[in-house]
Amino acid sequence: MKLLEERIKADGQVRPGNILKVDSFLNHQLDVSLLEELGKEFYERFKDKGITRILTIEASGIALACCAAQYFHVPVVFAKKAKSKNLDGDLYTSTVHSFTYNKDFTVTLSKKFLGPEDKVLLIDDFLAVGKAMRGLIDICKQANAEISGIGIAIEKGFQCGGKELREMGHEVYSLAIIDEMTDEGQISFRENP
């Protein structure tokens, strides 16, 4: 998606260690107009899949998932990274390793919000090595929910996550796939069919 690629070029910041900061528009400060366009693009790709739920992980994927959900007219549910006192009843849990924080989280989702009748679209802002997505996939398996697709805003194509998820048979649609980033700030994008 050229719109997102141009925004990354204009406002993204490459940091050492393969870190791309897009906090001015995607995951700290939010450009809602851009997010709505990204959500619309996910809708166009997955509108014929019978999606009944959009599932993401706390916190950066929530805004993007909500913008997509307005086109699908389905609820968004998100796996929480910390068990809070307001979570009640039976829970699905999975352990997720965060590339950004280099830390493991146990994510939880109330069983009342996801079940075998659901066709799920997984959405997140980034895909690097795929640990967050694997955690969400694990939760869907526990719920016997069908994964109908995976929508990613920015995929780091030079890391293994996207390739491995596709090899597992998942339809992964990334709006921008980065093939290379240099510490000097150069970003090369993959042509996206």
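Model, not experiment: these values are computed from the prediction. (Residues numbered from 1 in each chain as written. Predicted model: local features only at pLDDT ≥ 70, side-chain atom pairs only at ≥ 80, totals over all residues. Heavy atoms only, no water.)

## Considerations on the nonpolar core
Here is step 1: Residues L4, I8, L20, L38, I54 and I154 are the most contacted members of the largest nonpolar core, which totals 34 residues.
Here is step 2: For this core, the secondary structure elements donating two or more residues are helix 1 (2-11), helix 2 (32-46), helix 3 (61-72), strand 7 (119-127), strand 8 (146-156), strand 9 (172-181) and strand 10 (187-189).
Here is step 3: The element that contributes the greatest number of residues to this core is helix 3, accounting for 6 residues.
Here is step 4: Those residues in contact with I54 that lie beyond four places of it in its chain are A65, A68, A69, F72, V74, P75, V76, V77, L121 and I123.
Here is step 5: Ranked by size, the runner-up nonpolar core spans 25 residues in total, among them L114, L122, L136 and C140. (Core = buried A, V, L, I, M, F, W, Y, C linked by side-chain atoms within 4.5 Å. Buried < 20%, exposed > 50% of the residue type's maximum accessible area, 1.4 Å probe, protein only. Helix = DSSP H or I, 4+ residues; strand = E, 2+ residues; numbered from the N terminus. Contact = heavy atoms within 4.5 Å.)

## A few points about the packing of helix 1 against helix 2
Here is step 1: One way to put it is that helix 1 packs onto helix 2 with a least axis distance of 10 Å and a crossing angle of 145°. Pair helix 1 / helix 2 crosses with left-handed handedness. For the pair formed by helix 1 and helix 2, the contact residues are L3, L4 and R7 on the first element and L34, E37 and L38 on the second.
Here is step 2: For the contact of helix 1 with helix 2, the per-class residue count stands at 4 nonpolar, no polar and 2 charged. (Axes fitted to C-alpha atoms, helices over the stretch in contact; angles between N-to-C directions. Left-handed = near helix turned anticlockwise from the far one by under 90°. Nonpolar A, V, L, I, M, F, W, Y, C, P; charged D, E, K, R; others polar.)

## Details of the packing of helix 2 against helix 3
Here is step 1: Running from N to C, helix 2 and helix 3 cross one another at 55°; their axes reach a closest spacing of 8 Å. Taken together, the axis directions place helix 2 and helix 3 in an arrangement best described as oblique. Of the two possible hands of crossing, helix 2 and helix 3 adopt the one that is right-handed. Across from L35, E36, L38, G39, K40, F42, Y43 and F46 in helix 2, the residues of helix 3 making contact are A63, L64, C67, A68, Q70, Y71 and F72. (Parallel < 35°, antiparallel > 145°, perpendicular 65-115°, else oblique.)

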